[in-house]
Structures are given as C-alpha cells and as structure tokens.
Amino acid sequence: MKQLFTLLFIFLVCGNATHAQTRYIVKFKDKGTNPFSIANPSQYLSPRALARRTRYNNPIDSADLPVTPRYIDSIRLAGAVTILNSSKWLNEVAFRTTDPVALAKINTFPFVISNTAVASFSGNTVPVNKRPDSVSADIPPPEIFSSFVGGVMADLFNYGIAHGQINLHKGKFLHNHGFRGQGMQIAVLDGGFFRYQNLITFDSIRNNNQIIDTRDFVQNNASVNEDDAHGMNCLSTIAANLPGVFIGTAPKADFCLYRTEDVFSETKIEEHNLAAGFERADSTGVDVCTVSLGYNRFDNPSQNYVYANMNGDFTMSAIAADIAAQKGMLPVVAAGNEGGNSWNFIVTPGDADSVMTVGAVDTLGNVAGFSSFGPSADGRVKPNLAATGFRAVIASPNTGLPVYGNGTSFATPTLAGLTTCLWQAFPEFNNMTILDAMQRAASKFTNPDNRVGYGIPDMKKAFVILLRRSYTQQVNLSGCLATFQLNVKQDNSMNVVVERKQSSQIVYTPLQTLAGTGNFSNKMMSFSDDLLSLNSGGTVSYRIRLDIDSDTSIYLDSLIVNVPQTCVNPINQVQLTPNPVTDNANVIVSRINASKITLSLRNAAGQRVYEITYQQPAGGTLIKTINLQSLPRSILPLGVFGWKKHFHAKNIKALISWRKLR
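Conventions used here
- Residues numbered from 1 in each chain as written.
- Predicted model: local features only at pLDDT ≥ 70, side-chain atom pairs only at ≥ 80, totals over all residues.
- Heavy atoms only, no water.
- Helix = DSSP H or I, 4+ residues; strand = E, 2+ residues; numbered from the N terminus.
- Buried < 20%, exposed > 50% of the residue type's maximum accessible area, 1.4 Å probe, protein only.
- Contact = heavy atoms within 4.5 Å.
- Areas by Shrake-Rupley, 256 points an atom, 1.4 Å probe, with all protein chains shown as cover.
- Axes fitted to C-alpha atoms, helices over the stretch in contact; angles between N-to-C directions.
- Parallel < 35°, antiparallel > 145°, perpendicular 65-115°, else oblique.
- Nonpolar A, V, L, I, M, F, W, Y, C, P; charged D, E, K, R; others polar.
- Pairing = 2+ DSSP bridges.
- Salt bridge = Lys/Arg side-chain N within 4 Å of Asp/Glu carboxyl O.
- Expected span 1.5 Å × (residues − 1).
- Polar contact = N/O pair within 3.5 Å; in protein donor to acceptor, adjacent residues only side chain to side chain.
- Disulfide = S-S within 2.5 Å.
- Left-handed = near helix turned anticlockwise from the far one by under 90°.
- Arc of directions from axis to C-beta.

Trainee: Help me get a handle on the overall build of the protein, residues and values and all.
Mentor: A count of helices and strands for the protein gives 13 helices and 29 strands. When each of the 662 residues of the protein is scored for burial, the buried share is 56%. Sequence-distant contacts in the protein: of pairs separated by 6 or more residues, those separated by 24 or more amount to 73%. Surface accessibility of the protein: about 27,000 Å² in total, with carbon and sulfur atoms responsible for 52%.

Okay, structure coming up:
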C-alpha cells in the first residue's frame with residue numbers, strides 16, 4: 001500500500017509488481033583511498049552547514065566523507081550500469097542494470113559488502129496532470145474567507161481559513177513576536193511539488209527567492225515542478241502567504257524541495273533516496289526537515305517490514321533520519337495513516353528515536369481515527385506530538401486556493417513550520433533541546449499515550465520553557481548594596497519587573513521595572529538595592545518577572561539575599577573587625593544623622609599613619625577597609641595586634657590606636 005500519508009488523493013498505480021528487479025543497492029566496506037578529508041570539510045559541506053556543526057558542537061566524522069569516487073567508478077565501469085545516486089552516511093550506491101555479467105563482477109569487488117536487488121524499473125510515466133482528478137476534499141464556501149477578515153487586532157497575520165490549525169498551537173504568538181522563519185531553512189522531502197512554480201499559494205516564496213534548492217532523486221535532475229502534488233500540498237501548510245485566505249506556519253523561511261518518493265511504486269530504493277535527500281539537506285545547511293513519507297509494505301512482499309522492525313535501528317530510512325538528527329538537523333516525520341487497519345502502528349522512519357513523529361488531530365484536538373498508533377516496537381513514546389491532520393487546510397493543485405485534506409502528512413509540515421519559528425527565536429539551543437521543549441509544552445506531557453504521544457504542543461509554553469533555560473542571573477553584595485546582573489532574552493514588548501519581599505512580609509511588591517528594547521535578543525540588565533533602606537534584618541527574597549504578552553507573565557527565577565547585621569536600622573556606633581587583625585581592618589560606622597567622618601590611624605608613638613575623611617548620609621552604615629600591609633613597614637610592629645577604639649562625640653573622630661599583644 002502506498003505510504004504517501006494523505007487521504008486526499010487516490011492513485012491507481014499501473015504496472016506489474018513481479019517485474020524483474022533492475023535496481024540495486026551496493027554497500028561498501030569503507031571509504032578507503034578517499035580524496036576528501038575530515039580536515040577539509042569545506043569540500044563537501046557549505047559554510048552554513050559548517051557553522052551549524054560548530055554552533056552545536058557536532059564534529060565532522062567519516063560519515064560526512066562522500067562515498068569513495070573510485071568505488072563508484074568501479075561500479076559504473078563493471079558493464080551496462082547506470083549510477084542513480086549515493087548515500088555517504090550509509091556508504092552505499094544505487095544503480096540500475098539488466099546486465100548479469102556486471103552484477104557478477106560487482107559482487108567480486110573486495111570493497112563491496114553486499115549487493116541487493118531493491119526495485120524493478122518503474123514503467124508508468126503518465127504525468128500527474130493527465131490523471132483523473134480524484135480530489136475528495138471539501139472546498140470551503142466563499143463566505144469562509146470573509147469570516148476572518150480583519151483577524152485579531154493584535155495579530156500580525158490574518159490567517160483566513162488556516163486560523164484553526166495555527167491557533168490550536170497558539171502559533172500566532174511566535175508570528176506576532178517576529179518569528180516567521182526568517183533566516184531558517186526547511187527541507188521538504190516528498191513525492192513531488194506539482195505546479196509550485198505557478199500556483200498563487202507560493203508567489204511570495206517565489207518572488208522573494210525563498211526556494212534555494214531543488215532535486216529529484218527519482219529522475220536524477222533538478223526539476224520537481226511537474227511531479228506529484230503531495231509535496232506541494234505539504235509545502236503549502238508552511239509557505240502559503242495569502243492574507244485573509246491562507247497563511248502557513250513559517251512563510252518567511254527558505255525552502256529546499258526534494259523529490260525522493262516514486263509515487264508509481266513502493267520499493268526500498270525510495271528509502272535510499274530519502275537518505276540521499278537528508279544528506280543534501282545537511283550539506284546545504286538546512287535546520288528542519290519535514291517528511292510526510294513512510295514505509296512498511298512494498299511491491300515485493302518479501303521485502304515487507306514487520307512491526308518488530310519499527311525499533312528505530314533497523315530500516316534504512318530510520319537510520320538515515322537519526323543520522324540527520326546527529327548532524328544537527330531536526331527531522332519532523334509523519335506517524336502514518338494506519339490507525340485501525342491491519343497494520344495499525346507507526347511506520348518508518350517515524351520509529352526513529354531522534355525525530356519528531358507527528359500524529360493527526362482536528363482543530364479541536366480530537367484524535368483522527370486514521371492516525372497511526374504507537375509505541376515504537378521497543379516501547380518508546382510514539383508519535384511524539386500531534387497537529388491538525390483531519391480537515392487540514394492545504395492548497396488545491398488546480399487553483400492554489402485552500403481546500404481540506406486528511407492525513408498525518410499535513411499535520412507534519414504544519415508542526416515543522418512552527419518548530420522552525422521557535423528555533424529561530426532560540427538558535428543557541430540544539431535540535432534535541434527544541435524537541436524536548438515542544439514535548440514539555442504539550443497537552444499530555446505528564447501522561448503521554450499511544451495516539452498523540454505527549455500531545456498538542458503550545459508554542460507560547462515552549463517559548464517560555466526556552467526563555468527560562470536561556471536566563472542567567474548573578475548577585476554581588478558589597479557592604480549594604482546588593483547589585484544584580486540579569487541576562488534576559490526579550491524584545492521591546494517585554495518588560496522585566498523585579499519584585500521584593502522581606503522576611504517579615506507576606507507578599508512581594510514591585511521594586512523596579514526594566515523596559516525591553518530592540519529586537520528579541522540577549523540583554524544584559526542590572527539594578528541595585530540598598531539594604532540600608534530596609535527596616536529589619538534576616539533575608540530579602542527577590543523574584544524576576546517577565547511580562548511577555550498582554551495576558552502572560554512568567555517568573556524567570558528567584559533568589560534570596562541575607563541582610564548583614566550592620567545594614568539593619570543603624571545607631572551611632574563604630575565597630576572594628578576582625579580583632580585581632582593581621583591584614584585588613586574593617587571600620588564599620590553607623591550614623592543616625594548625616595555627619596562628616598574622619599577615620600585616623602596612629603601608631604604606638606602617637607604618629608598618624610593613615611587618615612580618611614568622607615561625608616556619611618543619615619541612617620547609613622558604611623564599611624571602610626584599611627589594608628595594614630600597605631602601610632610603611634617601618635611603622636608596623638611585628639606579631640599579632642589587638643585594637644582599642646576612642647570616640648570624640650563632638651566631631652565624631654575615630655582615633656584608632658594599636659598595641660602589641662604580649
């Protein structure tokens with residue numbers, strides 16, 4: 001059964017599944033005599049890809065090296081052989097031949113591990129636009145568009161009919177704060193992108209040159225416009241930009257469009273193509289890959305998978321998806337439409353452990369009956385999350401205007417786009433941290449199930465989770481002055497409010513507001529609190545509040561400061577600490593009224609060796625430190641010293657003398 005996950009189109013696939021096998025995958029033992037090197041990755045990875053590896057500390061390794069060219073040449077020259085494409089991560093090459101002599105020769109090469117027949121030649125070449133129109137979706141009536149005109153006053157976008165599937169996740173929160181995919185790259189790996197070059201849905205990404213790469217891994221060329229419409233439908237949920245009619249989840253992102261699926265057959269070479277697509281995305285520097293494909297049954301029944309194979313480590317596509325995650329990308333993968341049928345469970349690569357596997361719900365959060373069940377065969381929570389896949393809004397291949405479609409295919413790119421916008425806000429975090437935040441922000445995080453996994457993610461909650469993770473603070477107490485340094489991510493719509501509560505108080509009260517400025521980024525902010533202003537000692541508790549929306553405030557962190565006894569409601573007194581002293585003498589002066597203070601230090605002969613005069617405010621306690629070791633050695637007695645203090649109340653002069661202890 002074809003695993004393009006949509007109930008929107010029904011294909012009648014022609015051809016005989018018993019055709020002789022003509023396409024093969026040969027696996028190599030190593031990458032010996034390779035002209036490329038780990039030390040020079042710019043030969044095979046783009047600057048953007050290298051920057052991502054550096055940012056997330058993903059080192060270059062042998063898997064990144066291209067397949068050894070000499071090995072590929074040997075396969076090509078073995079006889080009547082056509083090379084299709086290669087996978088460097090799996091260290092294999094796909095080729096086509098009907099030459100038994102060439103096959104026999106290839107099997108003798110010492111660098112070959114295996115040579116496996118995976119597919120017959122696909123003879124059906126009927127263009128998709130010549131097939132009968134089998135659209136089964138409901139076309140929304142015209143009035144549905146006008147019902148959203150104007151949208152919500154505070155919203156950046158008027159989403160039109162797509163409002164429900166974006167609002168389910170509070171996705172407009174990200175858009176309103178400026179995160180619409182700018183500077184991010186999304187790869188869509190699918191069965192074709194029929195008429196994306198012509199449909200009005202994609203005029204924005206065409207006009208703004210947001211389509212940065214295309215590749216057809218089935219036909220081995222760069223054109224994907226004339227193939228199947230399924231990938232175009234998926235792309236529309238992310239990239240559509242028809243204000244008041246249909247807006248996608250990341251309309252400002254850049255896109256790579258890769259055809260890896262042959263809709264006229266179901267063979268394992270498509271898993272190999274998918275691996276090659278992941279690798280091209282990685283080399284380009286892609287951030288998020290959305291994959292609405294999956295595999296369990298094939299045209300050759302002997303190649304079928306069983307549920308036990310869905311353990312994340314068995315299939316080509318799951319292994320490739322996990323490597324894609326290891327390289328720093330985040331694969332977002334459809335769970336499948338097997339719910340309730342004889343298979344019932346997720347399909348591969350949705351079983352991979354490092355991908356975001358997506359199930360389907362409607363805009364009210366009700367589970368779609370066709371959405372595949374979890375868990376993975378080894379018991380992990382799958383799917384991970386869920387999004388709108390029942391009556392999802394997608395683009396019509398005829399007009400580009402929105403129609404409804406069903407399938408986890410459409411839930412997947414919807415969530416991939418929102419994930420991209422979230423990652424745009426927090427590029428300092430790696431892919432697994434983003435996935436973890438999405439799961440923690442989902443509706444069933446504390447009690448995941450086998451239909452929607454951790455549930456429906458709330459993008460505002462995920463944003464808050466990452467805000468807290470990015471926040472740092474530091475406090476320094478000098479005398480009676482507490483100085484706070486805060487590192488906060490915020491923009492000009494977000495204010496930091498510092499709240500304080502003394503140990504004798506019950507509630508916190510606002511102490512200071514630090515207004516946000518500029519675009520969303522890390523801001524270093526500071527404030528000070530004079531503990532002399534407090535009426536009692538003990539401790540002072542602080543809370544750091546961030547107002548991020550008109551209806552949302554969060555507490556980033558809290559801290560407690562112990563108030564020094566010398567800072568509590570001072571009286572007229574002078575203290576010296578420590579006693580005895582060898583290095584630094586601390587003179588603590590407390591005054592009820594404002595006073596001019598002179599501190600004078602005399603040696604045993606009555607000579608003045610140190611003096612300082614300063615103005616002390618009313619109700620204040622100040623600490624002056626005298627470094628004895630800095631005084632002239634000739635006047636310093638040896639040994640350990642004790643201290644005695646003298647006051648002249650009239651001029652508040654502190655006469656400090658020392659005597660040698662016997």
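Further notes follow.
Trainee: Got a sec to walk through the packing of helix H9 (residues 269–284) against helix H10 (residues 316–326)? Specific residues and values, please.
Mentor: Contact pair H9 / H10: the axes reach a minimum separation of 8 Å and the direction vectors enclose 10°. Relative to H10, the element H9 lies roughly parallel. Contact residues: H9 offers Glu271, His272, Leu274, Ala275 and Phe278, while H10 offers Met316, Ser317, Ala320, Ala321 and Ala324. Per-class residue counts for the contact of H9 with H10 are 7 nonpolar, 2 polar and 1 charged.

Trainee: If you had to explain the sheet that holds strand E21 (residues 539–549) to someone new, which residues and values would you point to?
Mentor: Either a parallel or an antiparallel arrangement is found when strands of a sheet pair, and the pairing is made through backbone hydrogen bonds. The strand order E19-E18-E21-E22 describes an open sheet built from 4 strands, whose pairing is antiparallel. With partners counted over all chains shown, the strands left at the sheet margins are strand E19 (509–514) and strand E22 (552–562), one partner each. Looking at each pair of strands side by side, their axes are set apart by 25° on average, direction ignored. Pairing of E21 with E22, which is carried by 10 bridges, proceeds in the antiparallel orientation. Across the sheet, the residue bridging to Arg543 is Ser558, located in E22. Packed onto the sheet, helix H13 (residues 459–470) meets E21 and E22 and runs at close to 25° relative to E22.

Trainee: Before we move on, can you summarise the pattern of salt bridges with the specific residues and values?
Mentor: One pass over the structure, following the stated rule, counts 23 salt bridges. Across the pair Lys327 and Asp64 runs a salt bridge whose closest N-O atoms are separated by 3.3 Å. Remark: Asp64 occurs in the loop between helix H1 (47–55) and helix H2 (69–76) and Lys327 occurs in the loop between H10 and strand E11 (330–334); sequence separation between them is 263 residues. Across this residue pair, the class does not change: Lys327 and Asp64 are buried. One salt bridge connects Asp458 with Lys170, and the closest N-O pair in it is separated by 3.3 Å. With Asp458 in the loop between helix H12 (431–440) and H13 and Lys170 in the loop between helix H5 (163–167) and helix H6 (171–176), the pair connects residues that are 288 residues apart, well separated along the chain. Judged by its relative accessible area of 40%, Lys170 falls in the partly exposed class.

Trainee: Could you give an account of the sheet that holds strand E16 (residues 472–478), naming the residues involved and the relevant values?
Mentor: A sheet is described by the order of its strands in space; here 3 strands give the open sequence E16-E17-E20, paired in antiparallel fashion. Both outer strands of the open sheet, E16 and strand E20 (521–530), are each paired with one neighbouring strand and no more. The average undirected angle you get between the axes of adjacent strands in this sheet is 15°.

Trainee: Now, about H13: what can you tell me, with residues and values included?
Mentor: The end-to-end C-alpha separation of H13 is 16 Å, in line with the 16 Å expected for 12 residues at 1.5 Å each. Within H13, the full set of buried residues consists of Met459, Lys460, Ala462, Phe463, Val464, Ile465, Leu466, Leu467 and Ser470. The N-terminus of H13 is capped by Asp458, whose side-chain oxygen sits 2.9 Å from the backbone nitrogen of Lys460.

Trainee: An account of the environment of Ala78 is needed here, citing residue identities and associated values.
Mentor: With respect to the helices, strands and loops of the structure, Ala78 is situated in the loop between H2 and strand E2 (81–87). The class of Ala78 is buried, set by a relative accessible area of 9%. Placed 28 residues apart in sequence, Ala78 and Ile106 show a C-alpha to C-alpha distance of 6.5 Å. In this structure Ala78 touches Ala102, Lys105, Ile106 and Phe109, once residues within four positions along its chain are discounted.

Trainee: Tell me about the state of the cysteines, and name the residues and values.
Mentor: For the structure on display, the rule yields 0 disulfides. Of the cysteine sulfurs around Cys256, a residue in no disulfide, the closest is that of Cys289, at 8.5 Å. A relative accessible area of 0% places Cys256 in the buried class.

Trainee: Tell me about the packing of helix H11 (residues 408–425) against H12, residues and numbers included.
Mentor: H12 packs onto H11 with a crossing angle of 115° between their chain directions and a minimal axis gap of 11 Å. It follows from the interaxial angle that H11 and H12 lie roughly perpendicular. In this structure, H11 meets H12 at a crossing whose hand is right-handed. Judged by residue contacts, Leu415, Thr419, Leu422 and Trp423 of H11 engage Asn431, Ile434 and Met438 from H12. Among the residues making up the contact of H11 with H12, the classes are represented as 5 nonpolar, 2 polar and no charged.

Trainee: A description of H2 should follow, citing residues and the corresponding values.
Mentor: Within H2, burial applies to Tyr71, Ile72 and Ile75. Taken down its axis, H2 places every buried residue within 100° of arc, on the same side. Packed against the buried residues of H2 are strand E1 (21–28), E2, strand E3 (92–97) and helix H3 (100–106).

Trainee: Lay out the environment of Phe173 with the relevant residues and their values.
Mentor: Counting through the fold element by element, Phe173 comes out in helix H6. When the C-alpha positions of Phe173 and Lys460 are compared, they lie 6.3 Å apart, and in sequence the two are 287 residues distant. Excluding residues that lie within four positions of it along the chain, Phe173 makes contacts with Lys460, Phe463, Ile548 and Asp549.

Trainee: Report on the side chain of Asp228, specifying residues and quantitative values.
Mentor: Relative to the elements of secondary structure, Asp228 occurs in the loop between strand E6 (211–216) and helix H8 (230–239). What makes Asp228 buried here is its relative accessible area of 4%. A distance of 2.9 Å separates a polar atom in the side chain of Asp228 from the backbone nitrogen of His230.

Trainee: I'd like a description of unusual backbone geometry, backed by residues and values.
Mentor: Residue Pro349 follows Thr348 across a cis peptide bond; omega there is 10°. Following Lys382, the chain continues into Pro383 via a peptide bond in cis, with omega recorded as -10°. Assignment of secondary structure puts Pro383 in the loop between strand E12 (356–361) and strand E13 (385–388). Even without a glycine there, the phi angle at Asn57 is positive, about 55°.

Trainee: Break down the pairing of strand E18 (residues 495–502) for me, with residues and values.
Mentor: Where burial is concerned, most of E18 is hidden: 7 out of the 8 residues are buried. Relative to E21, E18 runs antiparallel, the two being bridged by 8 bridges. Its bridge partner being in E21, Val497 is matched across the sheet by Arg545. Direction of pairing for E18 relative to E19: antiparallel, over a ladder of 5 bridges. Opposite Val498, over in E19, you have Gln512 as the bridge partner. Between the end of E18 and the start of E19, which pair antiparallel, lie 6 residues.

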